[in-house]
Amino acid sequence: MVVLAAALAGCGSALKRHGGKDLATEDFEATNTHTRIYDATVAQTCEAARRALLSQGYMITAAAAEQVTGRKSFQPEGEVHVEVEFRVVCAQEQGDNGQPAAIAFATAVQDRYGLKKVNNSASVGVGAFGSLSLPFTSSDDAMVKVASQTLTDDRFYEGFYALLERYLARTEPAVATPVTEGSVKPAPSPR
């Protein structure tokens, strides 16, 4: 019993002060930093999110009716590289008016990379001369991940949601146009 109490106490202290945030204070209170509800379909909401990310230079790495993921790279300093992965998940929700709506969950993770020197060494044995070894050393530069964190700045997400709403306002429900015989004209032939 004493061992279990000591182990739990150790886990609690391990949750403190990682990357400037006290993980022991991580709570699940209701907040709107990462969530918005829209009077639109799930597919319309995720399409508006995809367009919002594209308009800001994000490369879309995955897109579906329920989820969009984009990645953007930054070079704030000569030997520092930063990548932001932005993910939006859309789900069915009931709106305030009782009509179907969509809820968008947005999360951005920032990965920081630094330039590090990596030493490589090798030796060559020459059989004819016995165990003669000639050491070869070299140094290579490599980008190494030095930090990763979820972005929590309310202004960052507010800007995204404002842009998503602008693209959502431009999205109109798809209207099916019936195709009848004779209404489709063949493409002109090349001359």
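What counts, and at which threshold
- Residues numbered from 1 in each chain as written.
- Predicted model: local features only at pLDDT ≥ 70, side-chain atom pairs only at ≥ 80, totals over all residues.
- Heavy atoms only, no water.
- Salt bridge = Lys/Arg side-chain N within 4 Å of Asp/Glu carboxyl O.
- Helix = DSSP H or I, 4+ residues; strand = E, 2+ residues; numbered from the N terminus.
- Pairing = 2+ DSSP bridges.
- pLDDT = per-residue confidence, 0-100.
- Contact = heavy atoms within 4.5 Å.
- Disulfide = S-S within 2.5 Å.
- Buried < 20%, exposed > 50% of the residue type's maximum accessible area, 1.4 Å probe, protein only.
- Expected span 1.5 Å × (residues − 1).
- Arc of directions from axis to C-beta.
- Polar contact = N/O pair within 3.5 Å; in protein donor to acceptor, adjacent residues only side chain to side chain.
- Phe/Tyr/Trp six-rings, centres within 6.5 Å; stacked < 30°, edge-to-face > 60°.

### Re the pattern of salt bridges
Inference 1: Counted by the stated rule, this structure contains 8 salt bridges.
Inference 2: Put simply, Arg 71 and Glu 83 hold a salt bridge, and the shortest N to O gap is 2.5 Å. Placement of Arg 71 in strand 3 (residues 67-77) and of Glu 83 in strand 4 (residues 80-94) is noted, with a sequence separation of 12 residues between them.

### Quick notes on the pairing of strand 4
Inference 1: Both strand 3 and strand 4 contribute to a ladder of 9 bridges, which runs antiparallel. The partner of Ser 73 across the bridge, within strand 4, is Glu 83.
Inference 2: Here strand 3 folds back onto strand 4, and the loop between the two strands holds 2 residues.

### With respect to the confidence of the model for the protein
Inference 1: Put simply, the protein has an average pLDDT of 76, and 64% of its residues get 70 or more.
Inference 2: This stretch, residues 1-19, has a pLDDT under 50; its non-local contacts, to residues over four places away or in other chains, come to 8 contacts.
Inference 3: Below a pLDDT of 50 lies the segment residues 174-188, which in the model reaches 1 contact outside its immediate sequence neighbourhood of four places, other chains included.

### What about the state of the cysteines?
Inference 1: The full count for this structure, using the stated rule, is 1 disulfide.
Inference 2: Here Cys 46 is linked by a disulfide to Cys 90, with a sulfur-sulfur distance of 2.2 Å. A torsion of 110° about the S-S bond marks the disulfide between Cys 46 and Cys 90 as right-handed. Taken as a pair, Cys 46 in helix 2 (residues 42-55) and Cys 90 in strand 4 lie far apart in primary sequence, 44 residues in all.
Inference 3: By relative accessible area, which is 4% here, Cys 90 ends up buried.

### Topic: helix 3 (residues 154-170)
Inference 1: The first and last C-alpha atoms of helix 3 sit 25 Å apart over 17 residues, in line with the 24 Å expected at 1.5 Å per residue.
Inference 2: Buried residues of helix 3: Tyr 157, Phe 160, Tyr 161, Leu 163, Leu 164, Tyr 167 and Leu 168, and no others. Along the axis of helix 3, the buried positions cluster into a sector of 165°, meaning they face one direction only. In helix 3, the exposed positions that point more than 90 degrees away from the buried face belong to Arg 155, Arg 166, Ala 169 and Arg 170.
Inference 3: A side-chain oxygen of the first residue of helix 3 lies 3.2 Å from the backbone nitrogen of Arg 155; this N-cap is Asp 153.

### Remarks on helix 2
Inference 1: Its 14 residues place the ends of helix 2 20 Å apart at the C-alpha level, agreeing with the 20 Å of an ideal helix rising 1.5 Å per residue.
Inference 2: Here helix 2 has its buried residues at Val 42, Gln 44, Thr 45, Cys 46, Ala 48, Ala 49, Ala 52 and Leu 53.
Inference 3: At the C-terminal side of helix 2, Gly 57 shows a positive phi close to 90°.

### A word on the packing of aromatic side chains
Inference 1: For the coordinates displayed, the defined rule picks out 6 aromatic pairs.
Inference 2: Arranged with centres 4.5 Å apart and planes meeting at 45°, the rings of Phe 86 and Phe 160 form a pair that is tilted. Remark: Phe 160 occurs in helix 3 and Phe 86 occurs in strand 4; sequence separation between them is 74 residues. Neither Phe 86 nor Phe 160 differs from the other in exposure class; each is buried.

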